[in-house]
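Observations on the model geometry
Here is what each chain is made of, one letter per residue.
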Amino acid sequence: MIKKEIAHIRKHFKLDNEMLKLFEIFNVYIMKESNEIYHYERQPFALVDREKQELYMANFKKLLTGELDQKMFELKFQEEAEQPTQVLLHQGLVTGNPEEWQDLMLLLVEKMLVDTVYEQDTVITFVRGQYSRPTKARNEEAEQSEKDEMFANLFILCSVNSTEQQRKTLMFDYVEREFKYNVFVDPIIKLNTPEQGFFYPSVTDNYSDVNRILYCTGRANEPNFQFIEQVLNAEKTVTAIEERTIFEDIVKEVTGEQIDVATIAHVYEEIHRVIESNEEEEPAKLDYKDVERMLTLSGVEDVTSEKVERAFQNVVDDKNYEIKASSVLPKFTSKSIRIDTKVATITVSPQDLKYVRQVNYQGKRCILIEVDEDVVIEGFTLSTETL
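On a predicted model such as this, the values are computed, not experimentally measured, just so you know. (Residues numbered from 1 in each chain as written. Predicted model: local features only at pLDDT ≥ 70, side-chain atom pairs only at ≥ 80, totals over all residues. Heavy atoms only, no water.)

**Some thoughts on the overall build of the protein chain**
For the protein chain, the helix and strand inventory stands at 10 helices and 20 strands. For the C-alpha atoms alone, the extent of the protein chain along its principal axes is close to 75 × 60 × 55 Å. Counting all 387 residues of the protein chain, 38% fall into the buried class. Pairs at least 24 residues apart make up 65% of the contacts formed inside the protein chain by residues separated by at least 6 positions. Of the accessible surface of the protein chain, which amounts to about 23,700 Å², a share of 46% is contributed by carbon and sulfur atoms. (Helix = DSSP H or I, 4+ residues; strand = E, 2+ residues; numbered from the N terminus. Buried < 20%, exposed > 50% of the residue type's maximum accessible area, 1.4 Å probe, protein only. Contact = heavy atoms within 4.5 Å. Areas by Shrake-Rupley, 256 points an atom, 1.4 Å probe, with all protein chains shown as cover.)

Pasting the structure below:
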């Protein structure tokens, strides 16, 4: 599953969309004290009040929002797992019996309750449905509509949402003309901030991939590994931050701890070029040969295949490890790089990093930034000094 496919699925989650059909919704309420199921209910989504439908749609869309490898992770299922979740989900996907689907989802909820303590009352929501997409891009000159040939993809989506108690309030009663103290005992389900969830099956090149699942977390770069491995029975993932750290450690193994800004800028430019030139469906990846080539082109001296290969082995214990290029590169055209000093914090984009230098001036380290316009601070234009 790639970014554009997730975006296509997400945009379908809106009411009155003929390209999306939600068959049934199933809610399970978990009590925090006992960690047990307090209540559950299933009903056709079409029979849910429209106001509730809108809230659910917003929740589902929120769950599927975020960057890959930061908030969303495409995972492979473990090949050897006892009572594999993949089997439960696939059976739930193909069954035409709503009660059987409910029973299968309850089995999955039971797996969620093992070795897990919920800090708040929690609602687990399952919805199953189908979304459609054209088999090919629409030709504006053709008379045939893009809806004439469609892929129909069945799916199950799960959202885990915590609850919170309503605040005590002071209210004014217009009828009685008096101030009243109200205490609401019913908890609020936080549908606008899902804790985690999943979308099954994953999709590759318009086709459902039943051997993969899209896991979603509410906090960037904080996947719940217990949920991934014990509940979903999926393989452990690596976050974008962890991959970036791996890449940095590998480069340091080759170049040493200190590296000049120009080299970093060249490396980022090379990674950006690799991403832009990638024509494969899968995201671009970097192996030790790619890293060797990038460092050599960036002017690092004494770079050899053996040295880079050894760095991969030392850092990740696998010389053939491949790093996702998108995880390593900060957003190329936005000010995604922070330069923190005791005096100031400077933000700059990777493509403009080449204009930044650390220099020694009169025995002191200074940051030198090349600019092609006058610098204005609080309305005052700075004068230019010649050093």
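Here the narrative resumes.
**Focus on the packing of aromatic side chains**
With the rule as written, the count across this model stands at 16 aromatic pairs. Between phenylalanine 26 and tyrosine 40 the ring centres are 5.7 Å apart and the planes differ by 75°, which places this aromatic pair in the edge-to-face class. You can see phenylalanine 26 sitting in strand S1 (residues 20–31) and its partner tyrosine 40 sitting in strand S2 (residues 36–44), a full 14 residues away along the chain. Among the residues examined, phenylalanine 26 registers a relative accessible area of 0% and is labelled buried. (Phe/Tyr/Trp six-rings, centres within 6.5 Å; stacked < 30°, edge-to-face > 60°.)

**Section: the nonpolar core**
Ranked by internal contacts, the top residues of the largest apolar core, which has 33 residues, are Phe247, Ile271, Leu295, Phe312 and Ile323. Of all elements in the fold, only helix H6 (240–255), helix H7 (261–277), helix H8 (288–297), helix H9 (305–316), helix H10 (325–328) and strand S15 (337–340) reach the threshold of two or more residues within this core. No other element matches H7, which puts six residues into this core. Excluding residues within four positions of it along the chain, phenylalanine 312 makes contact with Ile250, Leu286, Asp287, Tyr288, Val291, Asp317, Asp318, Lys319, Tyr321 and Ile323. Among the nonpolar cores identified, the runner-up in size contains 32 residues, and Leu93, Trp101, Val109 and Ile228 belong to it. (Core = buried A, V, L, I, M, F, W, Y, C linked by side-chain atoms within 4.5 Å.)

**A look at H7**
For an α-helix, the turn length of 3.6 residues means that residues three or four places apart are oriented alike. For H7, which comprises 17 residues, the first-to-last C-alpha distance of 24 Å matches the rise-based estimate of 24 Å (1.5 Å per residue) to within 8%. Considered for burial, the residues of H7 that qualify are Val261, Thr263, Ala265, Val267, Tyr268, Glu270, Ile271 and Val274. Looking at the buried side of H7, the elements it contacts are H6, strand S13 (285–286), H8, H10, S15 and strand S17 (356–361). At the N-terminal end of H7, a side-chain oxygen is found 3.1 Å from the backbone nitrogen of alanine 262, two or three residues along, and the residue is aspartate 260. (Expected span 1.5 Å × (residues − 1). Polar contact = N/O pair within 3.5 Å; in protein donor to acceptor, adjacent residues only side chain to side chain.)

**Re the state of the cysteines**
Here a disulfide denotes one covalent bond, and it connects the sulfur atoms of two cysteines. For the coordinates displayed, the defined rule picks out zero disulfides. Cysteine 158 takes part in no disulfide bond, and the closest cysteine sulfur to it belongs to cysteine 216, at a distance of 9.7 Å. Exposure remark for cysteine 158: the relative accessible area of 0% places this residue in the buried category. (Disulfide = S-S within 2.5 Å.)

**What to know about the pairing of strand S18 (residues 364–369)**
The sheet contact formed by S17 and S18 spans six bridges and is antiparallel. In the strand pairing of S18, glutamine 358 is matched with isoleucine 367. Hairpin connection from S17 to S18: two residues lie between these consecutive antiparallel strands, with glutamine 362 at a positive phi of about 55°. (Pairing = 2+ DSSP bridges.)

**Points about the side chain of serine 162**
Turning to its location among the elements, serine 162 is positioned in strand S5 (residues 150–164). At 3.2 Å, the side chain of serine 162 forms a polar contact with the side chain of glutamate 195. Look past the residues within four positions of serine 162 in its chain and what remains in contact with it is Gln120, Asp121, Thr122, Ile188, Ile189, Lys190 and Glu195.

**Considerations on the environment of glutamate 80**
Within the fold, glutamate 80 resides in the loop between strand S3 (72–76) and helix H3 (85–94). Residue glutamate 80 is classed as exposed on the basis of its relative accessible area, which comes to 76%.

**As for H9**
With 12 residues, H9 extends 16 Å from end C-alpha to end C-alpha; this agrees with the ideal 16 Å at 1.5 Å per step. Among the residues making up H9, those that are buried are Val308, Ala311 and Phe312. The buried residues of H9 occupy one face: seen down the axis, they fall within an arc of 100°. Looking at the buried residues of H9, the elements they touch are H6, S13, H8 and strand S14 (323–324). Following H9 by one or two positions, aspartate 317 has its phi on the positive side, about 60°. (Arc of directions from axis to C-beta.)

**Some words on the side chain of glutamate 5**
Among the structural elements, glutamate 5 can be located in helix H1 (residues 3–11). Those residues in contact with glutamate 5 that lie beyond four places of it in its chain are Arg133, Val203, Thr204, Asp205 and Asn206.

**Quick notes on the confidence of the model for the protein chain**
In this model, the protein chain carries an average pLDDT of 89, and 96% of its residues clear a pLDDT of 70 or more. Ranking the helices and strands of the protein chain by mean pLDDT puts strand S9 (residues 196–200) first, with 97, and strand S7 (residues 178–182) last, with 81. The low-confidence segment residues 138–144, where pLDDT is below 50, has two contacts with residues more than four positions distant or belonging to other chains. (pLDDT = per-residue confidence, 0-100.)

**Quick look at the environment of lysine 289**
As for its placement among the helices and strands, lysine 289 is situated in helix H8. Between the alpha carbons of lysine 289 and glutamate 309 there is a distance of 8.0 Å; along the sequence they are 20 residues apart.

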